[in-house]
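Results of the structural survey
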Amino acid sequence: MSGRWRRLGKVFEPRGERPWMQTHAAVPIAEHLQGDFFKVYFSSRDPQRRSHTGFVVIDINRPDVVLDLSAAPVLSPGELGTFDDSGAMATWLVKQEGRSWLYYIGWNLGVTVPFRNAIGLAVSHDGVNYARRAKGPIVDRSMDEPHFCASCCVVAQPDAWRMWYLSCTGWSLQQGQPMHHYHIKYAESDDGIHWRRNGDVAIDYRNDQETAISRPSVVQDADAWRMWYSFRGQAYRIGYAESDDGKVWRRQDRQVGLDVAASGWDSEMIEYPFVFDHGGQRFMLYNGNGYGRSGFGLAVQEGRR
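Right, let's walk through the structure included here. (Residues numbered from 1 in each chain as written. Predicted model: local features only at pLDDT ≥ 70, side-chain atom pairs only at ≥ 80, totals over all residues. Heavy atoms only, no water.)

Comments concerning the overall build of the chain
Across its full length, the chain carries zero helices and 20 strands. Dimensions along the principal axes, computed over C-alpha positions, put the chain at roughly 45 × 45 × 40 Å. Buried positions account for 57% of the 305 residues belonging to the chain. Across the chain, contacts joining residues at least 24 apart in sequence account for 48% of those joining residues at least 6 apart. (Helix = DSSP H or I, 4+ residues; strand = E, 2+ residues; numbered from the N terminus. Buried < 20%, exposed > 50% of the residue type's maximum accessible area, 1.4 Å probe, protein only. Contact = heavy atoms within 4.5 Å.)

Spelled out as C-alpha cells, the structure:
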C-alpha cells in the first residue's frame, strides 16, 4: 500500500526571474546529480503563455533553498507549424547508455478545441544540452486515438521499454465550452522511440463525473508495481494504484495518503506527482493550486526505511 506522506513544503514558484519563466512550475521531474543534490525540471510559461522547460537545483535536505536556477530553457517551443510550436513541457526523464532521454509534451493551439498535444523526445549526451530527436512527435493521435496524447512515464527494462501515457478519449461541450476527457493507457517499445499501442487502458475513469486522469508516475517494487497519478472531477487530486505486471491495475485512491492542505499553496488541488527513492526514503514532487501556478512542493513517505 502507499502509506502516508509528510509535506516538506513548497520548493519553488516562479516570479518572473527569467523572460521565459513568468509563471507556473508544472510537472516537476527529479534527476539525481550527486550526494543529496537533485536537478528538478519543470514547465513554466512566457508572456505569450507558451511552455518552456527549465530547472532548479536543490539539496533534498533543504528543499526550499534554490541552489541554481536555469539561465536559459532546457527546451523551448518548436518551429512554427510543428507539433510543439506553442509549448514544450517535459514529462519524464530516462537515463540510458550514457544518454539522457527527455520525453516532453508538445502543445499546439486549436480553433474548434483549445489545444492538441503529442509526445516528443529530446536527447542529451552530457546531461546539460538537449536536442530534439526529431521535429515531429514519437506518439501522436492515430486511427485508434484520434484526439491527442500527452503526459507519460517511461521505464526502460531489458525485455522492453514500457510507457504509461495520457490518452484523450474525446471532447464534450459543457456550458458551450469544449471539455477534454482523458485517461491513462499502456504501450511498449523495443527502442524507446517507436511504440506499440494496443489500446490497453491502465487507469480508467471511475465514474461519469471523472473527466481527467493524467501524469502517471510508476515505480516497480519487489512485491508490486505502484503508480501515482492525477485525477479530476471538480478539482485535481492525487490517486494511487497497484499492479502485478504493470499492465492491469487496481485503483486504490483512498490509500494514497496525501490530500489537499487546510490552507496555502496546495489547499485547492494537488496534482502531477513524481515519485522517486533516495537514501532509503521515498519522495514525491507535486503541484498545487492552479495547475502549477503556485509552484511545486515535496513530500516524504512516512515509515519507509
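What about the packing of aromatic side chains?
Inspection of every chain in the model, using the stated rule, returns 23 aromatic pairs. With a centroid separation of 5.3 Å and an interplanar angle of 45°, the aromatic rings of F12 and F42 are classed as tilted. In this pair, F12 sits in strand β1 (residues 5–12) while F42 sits in strand β3 (residues 37–45), placing the two residues 30 residues apart along the sequence. For the pair F12 and F42, one class covers both residues: buried. (Phe/Tyr/Trp six-rings, centres within 6.5 Å; stacked < 30°, edge-to-face > 60°.)

Looking at the nonpolar core
The biggest cluster of nonpolar side chains holds 68 residues, and the ones touching the most others in it are Y103 and W164. Judged by nonpolar contacts, the second largest core, of 14 residues, contains M89, F115, L166 and Y182. (Core = buried A, V, L, I, M, F, W, Y, C linked by side-chain atoms within 4.5 Å.)

Digging into unusual backbone geometry
A negative phi holds for most residues other than glycine; trans holds for most peptide bonds. We note that V27 has phi near 55°; this positive angle belongs to a residue other than glycine. By secondary structure assignment, the location of V27 is in strand β2 (residues 23–34). When its relative accessible area of 4% is taken as the criterion, V27 is described as buried. Here E97, not a glycine, exhibits a phi torsion of approximately 50°, which is positive. By secondary structure assignment, the location of E97 is in the loop between β6 (87–96) and β7 (99–109).

Let's talk about the pairing of strand β10 (residues 149–156)
Of all eight residues making up β10, seven are buried, and the element is well covered by its neighbours. The pairing of β10 with strand β11 (residues 161–174) spans six bridges and is antiparallel. The partner of C149 across the bridge, within β11, is S167. Connecting the antiparallel pair β10 and β11 is a turn made up of four residues. (Pairing = 2+ DSSP bridges.)

Concerning the environment of R206
One can find R206 in the loop between β13 (195–203) and β14 (212–220). Looking at R206, the relative accessible area reads 49%, which means it is partly exposed. Placed 119 residues apart in sequence, R206 and G87 show a C-alpha to C-alpha distance of 30 Å.

A short note on the environment of W20
Relative to the elements of secondary structure, W20 occurs in the loop between β1 and β2. Of the residues examined, W20 reaches a relative accessible area of 9% and is grouped as buried. On a C-alpha basis, the gap between W20 and G127 in space is 21 Å, while along the polypeptide they are 107 residues apart. Discounting chain neighbours no more than four positions away, the residues touching W20 are S44, R45, D46, H52, T53, G54, S70, A71, A72 and P73.

Re the sheet that holds strand β20 (residues 296–301)
Pairing within the open sheet is antiparallel, and its four strands lie in the order β1-β20-β19-β18. Here the strands that pair on one side only, and so sit at the sheet edges, are β1 and β18 (271–278). Across the sheet, the axes of successive neighbouring strands diverge by a mean angle of 25°, strand direction being ignored. Relative to β20, β1 runs antiparallel, the two being bridged by six bridges. In the strand pairing of β20, K10 is matched with G297. (Axes fitted to C-alpha atoms, helices over the stretch in contact; angles between N-to-C directions.)

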